[in-house]
Amino acid sequence: MHLYLGHNPRTLYLVTGSHDERKGRPQRALVFRAVEANPAQVIVEFLPKDEVNLTSAVRLTSRVIKGCLGLISVENDTFLAVVSSATEVGNTRPFDSQPESVAKIHEVLFYCLTSHSWDDFSASQDTLLNPENADALMTREQQHYSQSTTPPVFEHPCMPLTKILSSGSFYYALDPAWDLSSRLPVRLARDRSDAHDIGIFDERFVWNEYIVRSLLNFRERLDPLEREELDKCQFIILAIQGYVGVFTMALPAPPVNGAPIIATLSLISRLGWRRAGTRFNTRGVDDDGNTANFVETETILTTDQHCVSYTQVRGSVPLFWEQQGLQTFGQRIQITRPHASQPAFERHFAHLMEEYGATHAINLLGSKENEAILTSAYAKHLQIARGIWGDELSITHYDFHNAVRIGGHDSVMRDVCRLEGVNNNMERYGFTMCDASTDSLITEQKGVFRTNCLDCLDRTNFVQDIFSRKALEQYLSLVHREWLQAGALWMHHRELWAENGDALSRIYAGTGALNTSVTRTGKRTLAGVLSDATKSVSRAYINNFQDKGKQIAIDMFLGNMNNQRQVNIFDPIHDSVGKALQQRLSEYSTTQSCSIFTGTWNVNGRLPSSESLLPWLFPRNICRPDLFILGFQEIVQLTAQQIVQPDPEKKRIWEQKVMETLERRPQRTCDYVLLRSEQLVGTAILVIVRSDLTAVIRNVEGAARKTGLRGMSGNKGGVGVRLDYHDTSFCFLTAHLAAGHSNIEERNADFHTIVKGLHFQKGKTLSSHENIIWLADTNYRIDLDNENVRARSEADDFDSLVAADQLRQAIDNGDAFAGYEEGPMLFRPTYKYDLGTDNYDTSEKMRIPAWTDRILFKGRFDLAVYSRAELKGSDHRPVFALFRSEVRIIDVAKRAALSRLLLENTLSATPGEKLDEKLASLVLPDDYSELPPPSTDDDAWWNRPEHPKGIFPISVAHLLESNAANPFDSPEESPFSSSPSSSDEELYSHAMGLQSPITPVRKPPPPPPRSRYTDV
C-alpha cells in the first residue's frame, strides 16, 4: 500500500497498491482528515479506491507501507504512525493449515494531519532508520540538549517515538493475520471463526493499543462486509515488543526411507506494557499488580506430527521498591511501602494464577544487603498470600551468584532443576501439545514458573533457558528419544535464548545481556568476561544519564502522560453520550468523608528526645484520622557532607518514634502503617494511613526538587508524595525555602521552582491534582522590628503581625502560593526559640520571631483545626492542621449501565427530537444492580477476595430457598403434570451430588468486541 497527501483540506490517503491486489486484497483506501475545531479529533473514511481522487495528491514516501499503528497527538499536532520497513522473521508453525508468520519492524514514520511544518522533514526520512542509525541520531540530539535549551528548528516532535519503534524490538503477525499477542493454548481454545479476528488479542502485550484504539473502535462500527474488507487490506497493525526468533532444521528420523524430519524451533517473548519503562525508572509493582519488565516467553517446537508449546514468565519483585538517585555498581534499593504492599502483591499473583494456573516463583536474588532485603520482604508477602492459594503458590530461593562463585555456571545448569520444588512442579506443570494437522489439544500446561532476579535480565534468562530445555526434553523422552542428543536442536535452542537475552536487555537496560557467551557456548571465556565488563559500564552510563528521555517517550507512546489527549475518530453519537455522562457524574458515584492530619516541624538536626509527640499528633482529643501527613525540615544537620550524601538513618529514627507514638496512644481503636516516606537531604515527608485503607489508596508516588545553589543542592527544596484515595487525587508537599529575613524574592523563586520542577510518573505535575497541601518551613518573616514583634506576640496581638507577614503579602500580591488558602493565625510565631525553653532567641543574633512554619492548601477541604504544639525539642514549634474532605467513589457498574442507556436512546432519537432534553430526562432503572460490574483484565466480578479463583460454594440453605415460584413448573391441572419426570427429592439429591464448589473457566474478555476476520 502507499501513502498520499492531499490539500484543501489536508488529508492523508492510505491506498492499496498493485502488490496488494495481486494478493487478492480489495482495492480500498483509508482516508484521514483532522477536525478543524478539535485537532485531537479525526475524520476517518473507508472508501473504494476508485472513489478517491489522487490526481493532485503527493506520494509522501517511495517506500511500500506495511500498515498503520495508529494515531497520536504530540505537541498539539496529530500524527499518523505507519510502518514503512519490515522483514519476515519466519513461520512459527509451517505445518499448520494457516501459516503463522511474523515480521520485525525496522522503521516507523509519523506524518502530520494538522500541520505542513513537518512535511519536508518526513520526506527526508526516506533513508531507512535502522537501530544503529537511530541510536546515533538520538545520541547527537542528547548532546545538543546538554549544550542548549533551545530545540533545533527542524527537530521532529515524534523523533523519540521513531527511535523506540524503529529499534528492531517490535513485531507483528503477517498475512493472514493471527494473534501474535496470545500463546498457543489460548489461540487453540478459541472458536475457529475467531482465529483470524484482529479484534481479539491479549491486551497486556499489544503495545500500540493506546494509539490504535480509535481505529479499532472505527472498525467495530463498520457493517460486517466492510469490516471484512478492511481486515483483508491489513491497514491496521497490532505490534508486540520483545523478541521473536525462528530456526528450521533437519532432525534424524526413524529408518524408514532415510529422509530427515523437518522441525521448526521458535521463541516468542512478549513484553508487557502496563508497567513499562527503563531500568532505574521502573521497578517493582504498581497498585494494579503489574510489574516492571514483565515478559511472557513461549518456546514452540513444531513438526509434521505435533506442535509443542512451553510458557514461562519473568517480572520484577512484586513489591513497591525503587532505586533513586545516581546508581553505580552498588545499587541502593528502597522499599517505599513496606507495610502496604500486600494488596498489590496479591493482585499480581491473582492475575498470574487466573491466566496460567498454579505458579511457582524462582527468586535468584543474592545475599548482598540490598538484594537480601528484597528477598526477605518477598518471602514474607508470599507466605501471607499462601493463606489464599495454598500449595498452588510456592517459591524457591536460589542464590545464583553464590552458586556460580562456588561451582561455576555448570553447577547452575546441573542443580537448579534438581531442587525439590522445581523438579516436582516441572513434572506437574508439563507442557502444551496439539496435533499439527488438526490443532486438537492433546495435553495442556497446568502451571507456570515465574523467575526473577534484580533486573530480570541476565540471571533470569540463564535459568529460563534451562527450564525451556528441560520441558523440551520431557516431550522428546515421550515421542522422539533419538532427538535428546541432536546437536543441531540444542545449538539452535542456545542461540535463540542468547538472542532473547540480548533483545530484552537492550529494551530495559540499553545493552546486550551479560552471560550470553555462556548461554551460547556453555562455557565462560575471557572474551565473555571482558564483554560483560564493558556492558556493565555502558549500562551504568545509559541508565543514569540517557534513560529519562527514553522513559518520557515510552510514556507518551502508551498514553501515560498526564496532559495527553487520546486521538478520537469523529463520532457525534458517542461524543453526545460522553458529554451527557460527564454531566451526570453524581448519578454513578458517591462521596465519602475523610479526615487528614497534617503537621510540619523543623527539628534543627536533632534526634527525638524523651519528650512525647502526643501533644502534636493527638491534640484536643483528635481521634483516628484517615491519614497522617508529617513534614520535617533539617532532619539532618545541613553540612556539606550531608548535602552530598544524606544520612537516611535519621529519617528512620524519626519514623520509628512517630509509629511508636501511634501504637502506644491511649484509647487506640485502629492501626496505622507507614505508606510512603521521602527524603531530600534535610527535608522529609511521612505518609501514614489507617491499615484498613491501604487497599483503596493507589498510585502512590514520591518526587523531589532541589532549589539550593540554583537547583544543584538539596539543602533547600521540596519533596512530595501523591496518591489516589478511591477516585480522588491528593498531593502533599513539604519544603524548606530560602532563609534570611530580606530574601523574599528567593523564597518566591523557590516556590515557583518546586511547582514547575516537581514531576511524578506519567507526566503528572502539581497542578494535575484535585487537592494539594503544603506543610513547610517557608522561612517567610514578619516585617516589623524585633521589639515590636516580641511585644505583640506576648500580648497575642496576632492581627497586626499578620498584616506584616511576608507570606500573606506574597499571596495577596500573587507573587507566590496564588490560589492557596491558610487558616487563621491564632497562635504565636513558631520561630525562633532557645532550645528547651519558651523564650524567643536570646543569642547574639536575636532573630525576629516569625511564622516560618506554615500549612497551606488548595482544593475541597474544610479546615477544622490550625494551631501549634508546645514541644521544645527544637528551636521551632511544630504546627498541625486537621482537614476534612470528601473522596469520590465511582460505581463502575452504574456508569456502564447509564452509558448503555444514553447510547440506546441516542440511537433511537427521531429527526427533530431535542436530544439534550431527552437524555437529561432519562432515569436509570433501579434493577441495574442485579448485574455484576463489567469485567476487565484487572478486575472481574467472579474473582474477588470473597471468591478467590472464581470459586462459588453452593450452600444447602441456598438450594432449599423457595422465595419465588419456578416459572418452568407446570400448573397442577396441567396434563403435563402427570408425565414421567424426576421428583423434587431426586432432583435435590442429584444436585447435591454434583461437583461443588463450581469453578468457572475464566479468560478475560478482549478489549474490543468480537467480529469475524477471514484474510488480509
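Rules of the game
Residues numbered from 1 in each chain as written. Predicted model: local features only at pLDDT ≥ 70, side-chain atom pairs only at ≥ 80, totals over all residues. Heavy atoms only, no water. Helix = DSSP H or I, 4+ residues; strand = E, 2+ residues; numbered from the N terminus. Buried < 20%, exposed > 50% of the residue type's maximum accessible area, 1.4 Å probe, protein only. Contact = heavy atoms within 4.5 Å. Phe/Tyr/Trp six-rings, centres within 6.5 Å; stacked < 30°, edge-to-face > 60°. Lys NZ or Arg CZ within 6 Å of the ring centre and 35° of its normal. pLDDT = per-residue confidence, 0-100. Pairing = 2+ DSSP bridges. Axes fitted to C-alpha atoms, helices over the stretch in contact; angles between N-to-C directions. Salt bridge = Lys/Arg side-chain N within 4 Å of Asp/Glu carboxyl O. Disulfide = S-S within 2.5 Å. Parallel < 35°, antiparallel > 145°, perpendicular 65-115°, else oblique. Left-handed = near helix turned anticlockwise from the far one by under 90°. Nonpolar A, V, L, I, M, F, W, Y, C, P; charged D, E, K, R; others polar. Arc of directions from axis to C-beta. Polar contact = N/O pair within 3.5 Å; in protein donor to acceptor, adjacent residues only side chain to side chain. Core = buried A, V, L, I, M, F, W, Y, C linked by side-chain atoms within 4.5 Å.

Engineer: Got a sec to walk through the overall build of the protein? Specific residues and values, please.
Structural biologist: For the protein, the helix and strand inventory stands at 28 helices and 32 strands. Taken over 1016 residues, the protein has a buried fraction of 55%. Across the protein, the fraction of contacts at a sequence separation of at least 24, relative to all contacts at a separation of at least 6, is 71%.

Engineer: Quick one: what's the story with the packing of aromatic side chains, residue by residue and with numbers?
Structural biologist: Enumeration over the complete set of coordinates arrives at 32 aromatic pairs. An angle of 85° between the planes, with centres 6.1 Å apart, marks the rings of Phe-857 and Phe-861 as edge-to-face. Phe-861 matches Phe-857 in its accessibility class, with the two residues each being buried. The ring centre of Phe-320 lies 3.7 Å from the NZ or CZ of Arg-337, which sits over that ring. Here the basic side chain of Arg-747 rests over the ring of Tyr-780, its NZ or CZ set 5.3 Å away from the ring centre.

Engineer: Account for the confidence of the model for the protein, with residues named and values stated.
Structural biologist: For the protein, mean pLDDT is 84; residues scoring 70 or higher make up 81% of the total. In the predicted structure, residues 121–152 sits below a pLDDT of 50 and forms 42 contacts with residues beyond four places in sequence or in another chain. Overall, residues 325–329 carries pLDDT values under 50, and its contacts beyond four positions in sequence, including any with other chains, amount to eleven contacts.

Engineer: Account for the sheet that holds strand β23 (residues 627–633), with residues named and values stated.
Structural biologist: Taken together, the six strands give an open sheet; going across it, the order is β24-β25-β23-β22-β32-β31, and neighbouring strands pair in mixed fashion. Only two strands of the sheet have a single neighbouring strand rather than two, namely β24 (672–680) and β31 (861–868). Pairwise comparison of adjacent strand axes, ignoring direction, gives a mean angle of 20° for this sheet. As defined by bridge partners, β23 adjoins strand β25 (residues 683–690) across six bridges and the pair is classed as antiparallel. Bridging across to β25, Leu-630 finds its partner in Leu-686. Helix α20 (residues 648–663) contacts β22 (589–602), β23, β24 and β25 of the sheet and is inclined by roughly 155° relative to β24.

Engineer: Residues and numbers for the pattern of salt bridges, please.
Structural biologist: In the structure shown here, the tally under the stated rule is 53 salt bridges. The salt bridge involving Arg-93 is made with Asp-96; its shortest N-O contact spans 3.2 Å. Across the pair, Asp-96 and Arg-93 agree in class, each one buried. Note that Arg-93 and Glu-100 form a salt bridge whose closest N and O atoms lie 3.4 Å from each other. Classification of Arg-93 as buried rests on a relative accessible area of 2%. With relative accessibility at 8%, the residue Glu-100 sits in the buried group. Several salt bridges share partner residues, and in doing so they unite Arg-183, Asp-202, Arg-204, Arg-270, Glu-296, Glu-298 and Glu-355 into one network.

Engineer: Give me the lowdown on the state of the cysteines, citing residues and values where you can.
Structural biologist: For the structure on display, the rule yields zero disulfides. Of all cysteine sulfurs in the structure, the one in Cys-158 sits closest to Cys-112, which takes part in no disulfide; the separation is 8.0 Å. The buried category is assigned to Cys-112, whose relative accessible area is 2%. Among the cysteines around Cys-453, which has no disulfide bond, Cys-456 carries the closest sulfur, lying 5.3 Å off. We classify Cys-453 as buried; its relative accessible area is 2%.

Engineer: How would you sum up the packing of helix α11 (residues 420–429) against helix α12 (residues 458–479)? Please name residues and give values.
Structural biologist: Running from N to C, α11 and α12 point in directions that differ by 45°, and their axes come no closer than 11 Å. As judged from the angle between their axes, α11 and α12 are oblique. By crossing handedness, the relation of α11 to α12 is classed as right-handed. Together, Val-422, Met-426 and Glu-427 of α11 and Phe-467, Lys-470 and Gln-474 of α12 make up the contact between the two elements. Tallied by class, residues from the contact of α11 with α12 come to three nonpolar, one polar and two charged.

Engineer: Tell me about the pairing of strand β4 (residues 38–48), and name the residues and values.
Structural biologist: When strand β3 (residues 28–35) meets β4, the two strands line up antiparallel, connected through eight bridges. Within β4, the position partnered with Ala-29 by the bridge is Leu-47. Two strands pair when backbone bridges link them, and β4 and strand β21 (residues 568–569) are joined in this way by two bridges, in the parallel orientation. In the sheet register, Val-42 faces β21, and the bridge partner there is Ile-569.

Engineer: A description of helix α7 (residues 224–233) should follow, citing residues and the corresponding values.
Structural biologist: Residues spaced three or four apart along an α-helix face the same direction, because each turn holds 3.6 residues. For α7, the set of buried residues is Arg-227, Leu-230, Asp-231 and Cys-233. Down the axis of α7, the sector holding all buried residues measures 160°, keeping them to one side. Seen from the open side of α7, the exposed residues pointing more than 90 degrees away from its buried face are Pro-224 and Leu-225. Buried residues in α7 make contact with β3, β4 and α6 (209–220).

Engineer: Describe in detail the environment of Ala-850, supporting the description with residues and values.
Structural biologist: With respect to the helices and strands, the residue Ala-850 is situated in the loop between α24 (806–813) and β30 (853–858). In this structure Ala-850 comes out as buried when scored by relative accessible area, which is 0%. Considering only alpha carbons, one finds Ala-850 and Gln-806, 44 residues apart in sequence, at a separation of 9.6 Å. Excluding anything up to four places from it in sequence, Ala-850 contacts Tyr-780, Arg-781, Ile-782, Pro-829, Thr-830 and Tyr-831.

Engineer: Give me the lowdown on α24, citing residues and values where you can.
Structural biologist: When we look at burial in α24, the residues that qualify are Gln-806, Leu-807, Ala-810 and Ile-811. The arc that holds every buried residue of α24, seen down its axis, measures 135°, which confines them to one face. Across from the buried face of α24, at angles greater than 90 degrees, the exposed residues are Asp-812 and Asn-813. Buried residues along α24 sit in contact with α21 (744–757) and β30. Residue Asp-805 occupies the N-cap position of α24, its side-chain oxygen lying 3.3 Å from the main-chain nitrogen of Leu-807. Gly-814 occupies a position one or two residues after α24 and carries a positive phi of about 75°.

Engineer: Explain the nonpolar core to me, and be specific about the residues and the numbers.
Structural biologist: Residues Leu-180, Leu-301, Val-412, Phe-449, Phe-467, Leu-476 and Leu-489 are the most contacted members of the largest nonpolar core, which totals 56 residues. Broken down by element, the residue count for this core peaks at eight residues, all from α12. Contact partners of Val-412, with chain neighbours within four places excluded, come to Tyr-398, Phe-400, Ala-403, Val-404, Phe-462, Val-463 and Ile-466. One finds Phe-730, Ile-782, Phe-857 and Phe-861 within the second-largest nonpolar core, a separate group that totals 40 residues.

Engineer: How would you sum up the side chain of Asn-461? Please name residues and give values.
Structural biologist: With respect to the element layout, Asn-461 can be found in helix α12. According to the relative accessible area criterion, Asn-461 is buried, its value standing at 3%. Residues in contact with Asn-461, not counting those within four places in the same chain, are Arg-314, Trp-497, Asn-500 and Gly-501.

Engineer: Tell me what's going on with the environment of Gly-708, and back it up with residues and numbers.
Structural biologist: Take Gly-708: it is sitting in strand β26 (residues 697–708). Note: C-alpha distance between Gly-708 and Ala-738 (30 residues apart in sequence) is 7.8 Å.

Engineer: Run through the pairing of β23, naming residues and quoting values.
Structural biologist: For β23, the tally of buried residues reaches seven of seven residues, placing the bulk of the element in the interior. Side chains Leu-627, Ile-629, Gly-631 and Gln-633 project from β23 onto one buried face, and the interleaved Phe-628, Leu-630 and Phe-632 project onto a second face that is buried too.

Engineer: Let's hear about unusual backbone geometry: which residues, and what values?
Structural biologist: That bond from Asn-8 to Pro-9 is cis: its omega, -5°, falls within 30 degrees of zero. Considering the arrangement of structural elements, one finds Pro-9 in the loop between β1 (2–6) and β2 (11–15). Following Tyr-831, the chain continues to Lys-832 via a peptide bond in cis, the omega torsion being 0°. Along the chain, Lys-832 falls in the loop between α24 and β30. Although it is not a glycine, Met-846 adopts a positive phi angle of roughly 45°. Structurally, Met-846 can be placed in the loop between α24 and β30. For Met-846, a relative accessible area of 36% gives the class partly exposed.

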